[in-house]
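Structural characterization, general
Single-letter residue listing:
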Amino acid sequence: MSTIRQLDETYIAKTYGRFPVTLVSGKGSVAKDEAGNEYIDMGAGIGVNVFGYSDDTWKEAVIAQLDTIQHTSNLYYTGPCAKLAEALCTRTGLKKVFYCNSGAEANECAIKAARRYGQTHKGEDWYTIITLKDSFHGRTLSTLAATGQDAFHQLFTPLTPGFVHAEANNIESVKELLKTHHVCAVMIECVQGEGGVNALSKDFVQELVSLAQEKDFLIIDDEVQTGNGRTGSLYAYMQYDFLPDIVTTAKGLGGGLPIGVTMLGEKVQDIFKPGDNGSTFGGNPAVCAGALSNLTRLDDAMMAEVNAKAAWIRRELSGAKGVASVSGLGLMIGIEPVNAKASDIAAKCLMKGVLVLTAKGNKVRLLPALNIPMADLEKAIAVLKEVMAEE
Ligand SMILES: *Cc1c(COP(=O)(O)O)cnc(C)c1O
């Protein structure tokens, strides 16, 4: 075993099951291990490296900022976070942003905003948030409570109260919960990522939007994974023809540096006052400079590229030997094997130089860099098809 693996096994808490490989460098969509073996990365750091490893444009933006101010506290104004906020609001139609460092934290802020909304507009006990079964919203105690998968909850109870779970794509199950709880918000992922790469139906989302108007609750849209071009539009909600009251994002926005954002719509734009929330690193200038550079490149041409690649992958995999079904949206793709275990497929792909992810429900999950070169994509899909056909 390599020294790095030994150190890791000895000193790092066992919260992760790692693949037996140590990555030391990367460029574009290709990563290299200690022995110099190359891997085409179809997971992109779980949808984070939107422009791949060590992308030049992103790096230049970050480095230029490091040369001026790398960090100051939120007691002072700085340029990059203000400009990024303007770009995010202009492109989404949401009104204000709060910055933090991860998806879970962005969702925590969304939960606080929704509770504050319910309690100021309707009353003290209007704090319940409906989330969906098989959702994933993070690892903090409140976002775990929001996460509609019992497996994540075991032996961490009591979780934050005030969360109940409805069935995805079943509006009646939402209506039932609205009868028995004082609900301030419903929280969704347009495509459930960790929960199996399943897209919500347009009908369900539209019915939810009507219900929200009728009953005056907020819609929180968790775009931590679906956001930032991943699904073929800047944010996935744009393909569902509605404007959420709160959008959270993280993963891909920073292109590899930690950032979380809670975007607040009209109803909640003024919900927070000084002291109501905060983050030491939130809005960090170097991270925001990189994120702004990324956001600028996530334009219509880039989205057309994402959709073309997504359509190509779907054509390649649909009906291929060993493939039972293909799900997801854009370059967020779930592949259900006929017989094999998704984890075995991932292990075999690794041996053949391709990194893939898995998701709940025995799915292989692909979240490649949005700018992955077609040549790399073709090689990776050929390997995946070969491995899936073996079973
Ligand atoms: C990854 C993820 C989170 C949690 O993000 P962290 O940055 O790991 O805290 C929350 N929601 C969704 C949909 C995610 O995919």
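Residues numbered from 1 in each chain as written. Predicted model: local features only at pLDDT ≥ 70, side-chain atom pairs only at ≥ 80, totals over all residues. Heavy atoms only, no water.

1. Re the pattern of salt bridges
Counted according to the given criterion, the structure contains 17 salt bridges. Across the pair K348 and E390 runs a salt bridge whose closest N-O atoms are separated by 3.5 Å. Of this pair, K348 sits in helix α11 (residues 342-351) while E390 sits in the segment after α12 (374-389); the two residues are 42 residues apart in sequence, bridging distant segments of the chain. Overall, E390 belongs to the partly exposed group, its relative accessible area being 44%. A single network of salt bridges, built from pairs that share partners, joins K27, D56 and K59. (Salt bridge = Lys/Arg side-chain N within 4 Å of Asp/Glu carboxyl O. Helix = DSSP H or I, 4+ residues; strand = E, 2+ residues; numbered from the N terminus. Buried < 20%, exposed > 50% of the residue type's maximum accessible area, 1.4 Å probe, protein only.)

2. Notes on the site of the ligand
The environment of the ligand is made up of S102, G103, A104, N107, F136, H137, G138, E189, D222, V224, Q225 and K251. The contact in question runs from an oxygen atom of the ligand to an N or O atom on the side chain of K251, over 2.7 Å. Isolated, the ligand exposes 380 Å² of accessible area, and the fraction of that covered by the protein chains is 82%. The element contributing the most residues to the shell around the ligand is helix α5 (residues 103-121), with three residues. Its residues assigned to classes, the shell around the ligand shows three nonpolar, six polar and three charged. (Near = heavy atom within 4 Å. Polar contact = N/O pair within 3.5 Å; in protein donor to acceptor, adjacent residues only side chain to side chain. Areas by Shrake-Rupley, 256 points an atom, 1.4 Å probe, with all protein chains shown as cover. Nonpolar A, V, L, I, M, F, W, Y, C, P; charged D, E, K, R; others polar.)

3. Concerning the packing of helix α10 (residues 300-317) against α12
The axes of two packed helices give the description: the angle between them and the distance between them. Relative to each other, α10 and α12 sit at 25°, their axes nearing to 11 Å. Comparing the axis directions of α10 and α12 gives the class roughly parallel. Crossing of α10 against α12: the hand is right-handed. Residues K309, W312, I313, E316 and L317 of α10 lie in contact with α12, whose contacting residues are M374, L377, E378, I381, L384 and K385. By residue class, the composition of the contact of α10 with α12 is seven nonpolar, no polar and four charged. (Axes fitted to C-alpha atoms, helices over the stretch in contact; angles between N-to-C directions. Parallel < 35°, antiparallel > 145°, perpendicular 65-115°, else oblique. Left-handed = near helix turned anticlockwise from the far one by under 90°. Contact = heavy atoms within 4.5 Å.)

4. Side note on the sheet that holds strand β16 (residues 357-359)
The four strands lie next to each other as β13-β14-β17-β16, forming an open sheet whose pairing is antiparallel. The sheet terminates laterally at β13 (323-329) and β16, the two strands that pair on one side only. Taking the axes of each pair of neighbouring strands and ignoring which way they run, one obtains an average angle of 30° across the sheet. Each of β13, β14 (332-337) and β17 (363-366) is contacted by α12, which is oriented at about 20° to β14, the strand it contacts most. (Pairing = 2+ DSSP bridges.)

5. With respect to the packing of helix α3 (residues 56-66) against helix α9 (residues 285-297)
For the pair α3 and α9, interaxial distance at closest approach is 8 Å and the crossing angle is 150°. Our classification of the angle between α3 and α9 gives roughly antiparallel. When the axes of α3 and α9 are compared, the crossing they make is right-handed. Along its contact with α3, which presents T57, W58, A61, V62, Q65 and L66, the element α9 presents P285, A286, A289, G290, S293, N294 and R297.

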